[in-house]
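Per-entry structural report
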Amino acid sequence: MDIGNSHHALRLETAVSLVNALTGDNAGGEPAFLEPHEVGQLAGLASDLRAVIEALVGDDHDSAARTLNRLLVASHARPRLHRDGDEPWHLTFDPPDADFVQRWTAGLAVSFAAVLGDDSAQRLGLCAAPRCDRVFIDASQARSKRFCGVACQNRVKAAAYRKRGARQREERP
Ligand SMILES: [Zn+2]
């Protein structure tokens, strides 16, 4: 993975935080990187990104690509070299006159588009616990992550344990 791609992979983490904060039945909290008044403006983008992640998790790359293309067009994303003061030039994709939503849409849609089909896109997941629809990135070596976090993992484990206990009690004469 080169430097460019790890940058895109980091953006996926931002997208996952945004999707979990703003969409789904478990939505809650404001991501630390947003001001409270900015959160509502990104609701549409967050639900589009959820659709992209769910499509990728379901191996529906056509649907993910269609949504991403729509976002890329809407954001007027185009490559451009930019520098702030004496900082080094770097590649950016938001149009110079972009508003807040366009900047976010351009940045995140470009990163998803750049890693489509790559390892980091394949690490996106949807929590397997009942009544949880949070998304996550599986950073584990074995790619064995099934739950968004320890809380869901423990909840499912405890339920399975209770079920097993009940069955054993029934089987006993
Ligand atoms: Zn979960």
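Residue positions within a chain follow its written sequence, with the count starting from 1. The predicted nature of this model means local features are confined to residues of pLDDT at least 70 and side-chain atom pairs, given and counted, to a pLDDT of 80 or more, with totals for whole chains, interfaces and linings taken over all residues. Only hydrogens and water are removed before side-chain values are computed, so all heavy atoms of the structure are retained for them.

What to know about the UniProt feature "domain: Zinc finger CGNR" (unreviewed entry) in the protein
Using the following cut-off: UniProt positions are given in the numbering used here, feature names are shortened, and annotations may be inferred rather than shown by experiment. In this description a helix means any DSSP run of H or I spanning at least four residues, a strand means any run of E spanning at least two, and both kinds are numbered starting from the N terminus.
In this numbering, the UniProt entry assigns the feature "domain: Zinc finger CGNR" (unreviewed entry) to residues 123-164. The span residues 123-164 is 36% helix and 14% strand, and its two end C-alpha atoms sit 31 Å from each other.

Re helix α3 (residues 43-57)
We apply this condition: Multiplying 1.5 Å by the residue count of a helix minus one yields the expected span of that helix.
Its 15 residues place the ends of α3 21 Å apart at the C-alpha level, agreeing with the 21 Å of an ideal helix rising 1.5 Å per residue. Trailing α3 by a residue or two, Asp59 shows a phi angle of about 60°, which is positive.

Some details on the packing of helix α4 (residues 61-75) against helix α5 (residues 100-115)
Stated formally: Between N-to-C directions, angles span 0 to 180 degrees; the directions come from axes that are lines fitted to C-alpha atoms, helices contributing only their stretch in contact. Two helices crossing with the near one rotated counterclockwise from the far one by less than a right angle form a left-handed crossing, whereas a clockwise rotation gives a right-handed crossing. Working rule for contacts: check all heavy atoms of both residues, and any pair within 4.5 Å makes them a contact. By the convention adopted, Pro, Cys, Tyr, Trp, Phe, Met, Ile, Leu, Val and Ala count as nonpolar, Lys, Arg, Asp and Glu as charged, and the other residues, Gly among them, as polar.
Relative to each other, α4 and α5 sit at 145°, their axes nearing to 9 Å. The hand of the α4/α5 crossing is left-handed. Where α4 approaches α5, its residues Leu68, Leu71, Leu72, Ala74 and Ser75 are matched on the opposing element by Gln102, Thr105, Ala106, Ala109, Val110, Phe112 and Ala113. Of the residues contributing to the contact of α4 with α5, the split by class is nine nonpolar, three polar and no charged.

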